[in-house]
Amino acid sequence: MMKILGAVLIIGASTLFGYYKASLYAARPRQIRQLIHALKRLATEIGYGSTPLPEALARLSSQCSRPLNRMFGTIADRLRTGSSDTAKDVWQESVRLFWGQTAMKSPERETMLELGSSLGISDRENQLKHIELAVTLLQHEEAAARDEQLKYEKLSRSLGVLGGALIVILIY
Amino acid sequence: MNFDINAIFQIAGIGIITAMIHTVLKQMGKEDMAHWATVIGFVVVMFMVIRLLDELFQEIKTIFLFQ
């Protein structure tokens, strides 16, 4: 009886792990797309509204969905409180802090970190160009992420179930 | 006798699961990983068989050589 209970627990845990990995693969392209939309909105705020960076980011965070809104909100709050940190430091720290909660990987993070070093320090055209560059890079990453999703989403699901079954048989 | 039957079923189960993992990995275009999975499954089964064979030889030794 206990043996069967343990077997069910092991299979359940590994199945859930596989589904979790699959959901990460599914969430990555979606979040990259949200990030692209957010950056485009930011470009609009900067290009047509000439909104200051904290306000633009605060507006962005109210329009984004879950993992990204907290990141932009934190950056906006910390820029508003007016400590002596530069916008670059605040941006990069917050991006690093909140990156663990997103499903995105290091290429997107590098793009965002690089974008942070050019925001808020130059004129409008320069910033718009940097945002455009970041958007292009992110679009490439999104295509790659979608390929990976097609490849690995089902794979990690079935590997979770099969791996659990294998462990159970091995130690039964 | 009971123990032997269980071991045989265990080995058969490992074979089935390994074959399924191989098929899944191969379908997703990871042939190298599929071959590694098969090799690892083979090695595990090999260890189990060697353990059983070791028991068999111990039995033979106790029966024939050291009375």
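The structure displayed is predicted, hence computed values, not measured ones.

Novice: Whenever I open this one, the overall build of chain B confuses me. Can you help?
Specialist: Secondary structure summary: chain B contains 2 helices and 0 strands in total. For 67 residues, the compact-globule estimate of 2.2 N^0.38 gives 11 Å, and the C-alpha radius of gyration of chain B, at 17 Å, exceeds that figure by more than 25%. The dimensions of chain B, computed from C-alpha atoms along their principal axes, are 55 × 20 × 10 Å. A buried classification covers 9% of the 67 residues belonging to chain B.

Novice: What am I meant to see in the overall build of chain A here?
Specialist: For chain A, the count of helices and strands is 6 helices and 0 strands. Seen in sequence order, chain A has helices and strands lined up from the N terminus as α-α-α-α-α-α. What you see for chain A is a C-alpha radius of gyration of 21 Å, clearly larger than the 16 Å of a compact globule of 172 residues, by over 25%. Taking the principal axes of the C-alpha coordinates as reference, chain A spans close to 70 × 35 × 25 Å. Taking all 172 residues of chain A together, 30% fall into the buried category.

Novice: For this particular structure, what's the right way to read helix H3 (residues 66–80) of chain A?
Specialist: Residues spaced three or four apart along an α-helix face the same direction, because each turn holds 3.6 residues. Residues and elements named next belong to chain A. In a regular helix each residue adds 1.5 Å, so 15 residues correspond to 21 Å; H3 covers 22 Å between its end C-alpha atoms and thus fits that length. Within H3, burial applies to Leu68, Met71, Phe72, Ile75, Ala76 and Leu79. Down the axis of H3, the sector holding all buried residues measures 130 degrees, keeping them to one side. Next to the buried residues of H3 lie helix H1 (2–49), helix H2 (53–63) and helix H4 (87–99).

Novice: Explanation requested: the interface of chain B and chain A in the structure shown.
Specialist: How large an interface is tends to be reported as the accessible area lost when its parts come together. In this complex, chain B contributes 10 residues to the contact, which on the side of chain A involves 10 residues. With 7 residues, the top contributor of residues to the side of chain B that touches chain A is helix H1 (residues 2–27) of chain B. Classifying every residue of the side of chain B that touches chain A gives 7 nonpolar, 3 polar and no charged.

Novice: Would you take a moment to explain the environment of Leu9(A) for this structure?
Specialist: Summarising the element assignment, Leu9(A) is placed in helix H1. For the pair formed by Leu9(A) and Lys21(A), sequence separation is 12 residues and the distance between their alpha carbons is 18 Å.

Novice: Where do I start with the packing of H2(A) against H3(A) in this structure?
Specialist: Residue and element names in this part refer to chain A. At their nearest, the axes of H2 and H3 sit 8 Å apart, and the two run at 155 degrees to each other. Relative to H3, the element H2 lies roughly antiparallel. As for how H2 packs across H3, the hand of that crossing is left-handed. On H3, the residues that touch Leu53, Pro54, Leu57, Ala58, Leu60 and Ser61 of H2 are Asn69, Phe72, Gly73, Ile75, Ala76, Leu79 and Arg80. Looking at the contact of H2 with H3 residue by residue, the classes come out as 9 nonpolar, 3 polar and 1 charged.

Novice: Help me understand the nonpolar core, please; the structure alone is not making it clear to me.
Specialist: It is characteristic of soluble globular proteins that their nonpolar side chains tend to be buried jointly. Formed by 27 residues in total, the largest nonpolar core has its most connected members in Leu39(A), Leu42(A), Leu57(A), Phe72(A) and Ile75(A). Contributing elements (two or more residues each) for this core: H1, H2, H3, H4, helix H5 (106–116) and helix H6 (124–171) of chain A. The element that contributes the greatest number of residues to this core is H1(A), accounting for 7 residues. If we ignore the near neighbours within four places in the chain, the residues touching Leu57(A) are Phe72(A), Ile75(A) and Ala76(A). In this structure, Leu159(A), Leu166(A), Val24(B) and Leu25(B) belong to the second largest nonpolar core, which totals 11 residues.

Novice: Please explain the confidence of the model for chain B as it appears in this structure.
Specialist: In low-pLDDT regions, the fine details of the predicted coordinates are not to be read closely. Model confidence for chain B is summarised by a mean pLDDT of 87, while 93% of its residues fall at 70 or above. As a predicted assembly, this complex carries a pTM of 0.75 together with an ipTM value of 0.73.

Novice: Help me understand the environment of Thr18(B) in this model?
Specialist: Residue and element names in this part refer to chain B. Examined against the element boundaries, Thr18 turns out to sit in helix H1. Each C-alpha atom, one on Thr18 and one on Ile40, is 8.8 Å from the other, the two residues being 22 residues apart in sequence. The residues touching Thr18, leaving out its near neighbours within four places in the chain, are Ala37, Thr38 and Gly41.

Novice: What is the right way to look at the packing of H1(A) against H6(A) in this model?
Specialist: Relative orientation and spacing of two packed helices are given, respectively, by the angle between their axes and the distance between those axes. Residues and elements named next belong to chain A. The N-to-C vectors of H1 and H6 enclose an angle of 170 degrees; their axes lie 8 Å apart at closest approach. When the axis of H1 is compared with that of H6, the two are roughly antiparallel. Residue composition of the contact of H1 with H6, grouped by class: 28 nonpolar, 11 polar and 11 charged.

Novice: I would appreciate a short explanation of the confidence of the model for chain A in the present structure.
Specialist: Overall, the predicted model of chain A reaches an average pLDDT of 83, with 98% of residues at or above 70. Least confident of the elements in chain A is H2(A), whose mean pLDDT is 77; most confident is H1(A), at 88.

Novice: Please clarify how the environment of Asp147(A) should be interpreted in this entry.
Specialist: Looking at where Asp147(A) falls in the secondary structure, it is placed in helix H6. For the pair Asp147(A) and Pro29(A), spaced 118 residues apart in the sequence, the C-alpha separation amounts to 9.4 Å.

Each value, and the rule that gives it
- Note on numbering: residues in each chain are counted from 1, in written sequence order.
- Chain A is the first chain written and ligand 1 is the first ligand written, with later ones labelled in order.
- Only residues with pLDDT of at least 70 get local features here, since the model is predicted, and only at 80 or more are side-chain atom pairs given and counted; chain-wide, interface and lining totals rely on the full set of residues.
- Here a strand is any run of E in DSSP of at least two residues, a helix any run of H or I of at least four, and the numbering for each starts at the N terminus.
- For a compact globule the rule gives 2.2 Å times the number of residues to the power 0.38, and the radius of gyration it is set against comes from C-alpha atoms.
- Field definition: a residue is buried when 20 or more other C-beta atoms are found within 10 Å of its C-beta, exposed when 12 or fewer are, and partly exposed for counts in between, with C-beta atoms placed from the backbone.
- Expected helix span is taken as 1.5 Å per residue step, with the number of steps being one fewer than the number of residues.
- Directions pointing from the helix axis toward each C-beta atom define the arc.
- Residue pairs are scored as contacts if the distance between their C-beta atoms, which are placed from the backbone, is within 7 Å.
- Only Asp, Glu, Lys and Arg are considered charged in this grouping, and only Ala, Val, Leu, Ile, Met, Phe, Trp, Tyr, Cys and Pro are considered nonpolar; every other residue, Gly among them, is considered polar.
- Lines are fitted to the C-alpha atoms to define the axes, a helix being fitted only along its stretch in contact, and any angle between axes, read from their N-to-C directions, falls within 0 to 180 degrees.
- Here roughly perpendicular refers to angles of 65 to 115 degrees, roughly parallel to angles under 35, roughly antiparallel to angles over 145, and oblique to all remaining angles.
- Two helices that cross are described as forming a left-handed crossing if the nearer one is turned anticlockwise from the farther one by less than a right angle, and a right-handed crossing if clockwise.
- What we call a nonpolar core is a set of buried Ala, Val, Leu, Ile, Met, Phe, Trp, Tyr and Cys residues whose membership is set by joining through C-beta atoms within 7 Å.
- How sure the predictor is of each residue is captured by pLDDT, a score from 0 to 100.

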